[in-house]
Amino acid sequence: SAVISQKPSRDICQRGTSLTIQCQVDSQVTMMFWYRQQPGQSLTLIATANQGSEATYESGFVIDKFPISRPNLTFSTLTVSNMSPEDSSIYLCSVVRSGNHEQYFGPGTRLTVT
Amino acid sequence: AQSVTQLDSHVSVSEGTPVLLRCNYSSSYSPSLFWYVQHPNKGLQLLLKYTSAATLVKGINGFEAEFKKSETSFHLTKPSAHMSDAAEYFCVVGFQKLVFGTGTRLLVSP
């Protein structure tokens with residue numbers, strides 16, 4: 001498995017501001033992803049965080065709104081920009097190790113936008 | 001494209017009775033399938049995975065699932081429910097980029 005931490009664990013933010021969420025893994029992983037879980041709903045993939053290059057975004061998500069960095073093989077950040085109440089969700093990072101089909105999830109960051 | 005359909009949004013059982021959570025999948029090629037569990041205010045935990053090996057997959061906490069290609073199903077079962085099994089269960093398909101089902105909330109009564 002993998003030990004994944006996220007900071008902050010929760011936050012309450014005002015609309016129009018931005019929040020950066022950090023994801024740290026205890027060892028090197030090949031793939032890192034960011035998901036969103038809106039209240040009472042399932043998870044949706046936002047993007048693949050690529051080490052040393054631009055993230056790959058899924059349909060409906062854009063870099064200007066959700067800029068992502070991955071400077072090395074154990075760390076990534078997701079920024080939620082110009083927030084609105086509709087961005088209130090749990091944001092989760094996940095990782096996959098080389099040669100492993102299993103994907104492990106961080107504890108999530110619960111974001112509330114007022 | 002790949003997708004999963006969880007046929008029940010809620011399932012209620014009594015403690016000690018069997019659990020069945022239903023999932024159908026759609027995939028144009030041999031899929032990787034997973035079941036994850038999410039307890040209230042807790043993170044996601046992998047219960048089990050199917051990756052084209054044995055069709056009957058055993059997971060943690062007494063859960064198992066059977067891959068049936070002819071029925072495009074991957075139902076999750078447990079012989080005897082425990083109170084601690086009450087949680088949200090997600091059927092998931094994909095390789096690296098995961099597609100989640102809408103979830104099934106399992107309620108366990110004493």
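Now for a description of the structure that goes with this document. Because the structure is predicted, anything quoted here is derived from the model rather than measured.

1. A few points about the pattern of salt bridges
Scanning the model with the defined rule gives 8 salt bridges over all chains in all. For the salt bridge of Glu58(A) with Lys97(B), the shortest nitrogen-to-oxygen distance reads 3.1 Å. Residue Glu58(A) is found in the loop between strand E6 (56–57) and strand E7 (68–72), and its partner Lys97(B) is found in strand E11 (residues 97–100); the two belong to separate chains.

2. Thoughts on the side chain of Arg70(A)
Residues and elements named next belong to chain A. Topologically, Arg 70 is positioned in strand E7. No salt bridge forms around the buried Arg 70; measuring N to O, its nearest opposite-charge neighbour Asp 26 is 11 Å away. There is a polar contact of 2.8 Å between the side chain of Arg 70 and the backbone oxygen of Val 29. Beyond its immediate sequence surroundings of up to four residues, Arg 70 is in contact with Val 29, Thr 30, Met 31, Met 32, Ala 49, Asn 50, Gln 51, Gly 52, Phe 75 and Ser 76.

3. Side note on the state of the cysteines
Two cysteines joined by a covalent bond between their sulfur atoms form a disulfide. Per the counting criterion, the structure on display carries 2 disulfides over all chains. Cysteine Cys13(A) shares no disulfide, and the gap to the nearest cysteine sulfur, in Cys93(A), comes to 18 Å.

4. Details of the packing of aromatic side chains
Note on aromatic pairs: each is described by the distance of the centres and the angle between the planes. All names here are of chain B. Counting across every chain of the model gives 13 aromatic pairs over all chains. An angle of 35 degrees between the planes, with centres 6.0 Å apart, marks the rings of Tyr 36 and Phe 100 as tilted. Taken together, the residues Tyr 36 in strand E5 (residues 33–38) and Phe 100 in strand E11 connect sequence positions 64 residues apart. With respect to burial, Tyr 36 and Phe 100 carry one shared label: buried. For the ring pair Tyr 50 and Phe 67, a centre distance of 4.1 Å and an interplane angle of 15 degrees mean the geometry is stacked.

Basis of the calculations
Residues numbered from 1 in each chain as written. Chains lettered and ligands numbered in written order. Predicted model: local features only at pLDDT ≥ 70, side-chain atom pairs only at ≥ 80, totals over all residues. Heavy atoms only, no water. Salt bridge = Lys/Arg side-chain N within 4 Å of Asp/Glu carboxyl O. Helix = DSSP H or I, 4+ residues; strand = E, 2+ residues; numbered from the N terminus. Buried < 20%, exposed > 50% of the residue type's maximum accessible area, 1.4 Å probe, protein only. Lys, Arg positive; Asp, Glu negative; His and termini not counted. Polar contact = N/O pair within 3.5 Å; in protein donor to acceptor, adjacent residues only side chain to side chain. Contact = heavy atoms within 4.5 Å. Disulfide = S-S within 2.5 Å. Phe/Tyr/Trp six-rings, centres within 6.5 Å; stacked < 30°, edge-to-face > 60°.

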